[in-house]
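# Residue-level structure breakdown
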Amino acid sequence: MEITIDGRQVRYIDEGEGPEVLLLHGWAAPAETYRLIIDHLKPRCRVVAPDLPGFGGSEEPDRPWSADDYADFVLRFAGAVGLTAPVLIGHSNGGRIIIKLMNRPQLPLAVPKIVLMDAAGIPAKHGAGYYIKVYTYKAAKRLFPALAEKMRGKAGSADYNSASPLMRQTMVRLLNEDLTPLLAGIRVPALLIWGENDTATPLSDGQAMEKRIPDAGLVVLKGAGHFAFAERWGQCSRVLDSFI
């Protein structure tokens, strides 16, 4: 399905009937990536999952966006498709957006509970070597652009290198914001589902979120990585059924 939000074409999934679920995907993993979750819940719930701007079948933003910009978009989208009280499920960057939403002073959605899966929002800790590489790249970008492009290809992450210039700027804005102070502002029950071996958003992030969110419980999926829900779907589906 497609809808126009602020003049921008947005593709989304809207399947099933019943209690509302709004699913927000991770970076470079559009809504269809979460078909396991959608198909499992739709016999009992209305599951809505947009391709966020810049991903899948949705157009890019007109400028680099922040987490607040994505939260604003989600609220406009939810209003346009008639959501009023959805359970929010977010994986990775989708979790980052949910943390922002749940700190809005006058949230127009009556969110009963949230699910954060391998959620982003706590900046990674890096050693000195990382910062030397970053500042060397920034200097080369200013003084020797052609050399900087070669350096980016070797040193940048796969997600960063495959993104458009605008979405690279968006990615940097998102990664540089620390949402740790906002965790205490989440005032609804929160289920945290994490892969034991996640290297993108490590388990220590999930443990920190469980500690800071007032009503949170952490489920660790043994041996799983960043897409833990797919790697351990049997256990994940049972946990979702119990919580939602």
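Here the structure is a predicted model, which is why all the values come from computation and not from measurement.

Okay, the pairing of strand β6 (residues 114–117) next. The two faces of the sheet receive side chains in turn, since in a regular strand these alternate between them. Burial along β6 is two-sided: the residues I114 and L116 and V115 and M117 are all buried. Of the strand pairs in this sheet, strand β5 (residues 87–91) and β6 are connected by 4 bridges, and their pairing is parallel. The residue of β6 that forms the bridge with I89 is V115. With helix α3 (residues 93–101) bridging β5 and its parallel neighbour β6, the resulting β-α-β unit is right-handed. Of the strand pairs in this sheet, β6 and strand β7 (residues 190–195) are connected by 4 bridges, and their pairing is parallel. Residue pairing across strands places L116 opposite L192, the latter belonging to β7.

By the element assignment, P105 lies in the loop between α3 and β6. Judged by relative accessible area, P105 falls into the exposed class, the value being 80%. Distance from P105 to G185, taken between C-alpha atoms, is 9.8 Å for residues 80 residues apart in sequence.

Our focus in this paragraph is unusual backbone geometry. Although it is not a glycine, A28 adopts a positive phi angle of roughly 60°. With respect to the helices, strands and loops of the structure, A28 is situated in the loop between β3 (20–24) and α1 (35–41). Since its relative accessible area comes to 45%, A28 is described here as partly exposed. With phi around 55°, S92 is a residue other than glycine that occupies positive phi space. Secondary-structure assignment places S92 in the loop between β5 and α3.

In this section: the packing of aromatic side chains. Applying the stated criterion to the full structure yields 7 aromatic pairs. Ring centres 5.3 Å apart and planes at 80° place the aromatic pair Y12 and F77 in the edge-to-face group. Residue Y12 is found in strand β2 (residues 8–15), and its partner F77 is found in helix α2 (residues 67–81); the two are separated by 65 residues along the sequence. F77 gets classed as buried once you look at its relative accessible area, which sits at 0%. Plain terms: the ring middles of Y34 and F229 are 5.2 Å apart, the flat faces sit at 20° to each other, and that makes the pair stacked. On the criterion of sequence distance, the pair formed by Y34 in the loop between β3 and α1 and F229 in helix α9 (residues 228–231) is long-range, its members being 195 residues apart. The two residues Y34 and F229 agree in class, both being buried. Its guanidinium or amino end placed over the ring of F243, K113 lies 4.9 Å from that ring's centre, counting from NZ or CZ. Between R168 and the ring centre of Y160, over which it is positioned, the NZ or CZ distance is 5.7 Å.

The rules behind the values
Residues numbered from 1 in each chain as written. Predicted model: local features only at pLDDT ≥ 70, side-chain atom pairs only at ≥ 80, totals over all residues. Heavy atoms only, no water. Buried < 20%, exposed > 50% of the residue type's maximum accessible area, 1.4 Å probe, protein only. Helix = DSSP H or I, 4+ residues; strand = E, 2+ residues; numbered from the N terminus. Pairing = 2+ DSSP bridges. Right-handed = clockwise from strand over helix to strand, strands pointing away. Phe/Tyr/Trp six-rings, centres within 6.5 Å; stacked < 30°, edge-to-face > 60°. Lys NZ or Arg CZ within 6 Å of the ring centre and 35° of its normal.

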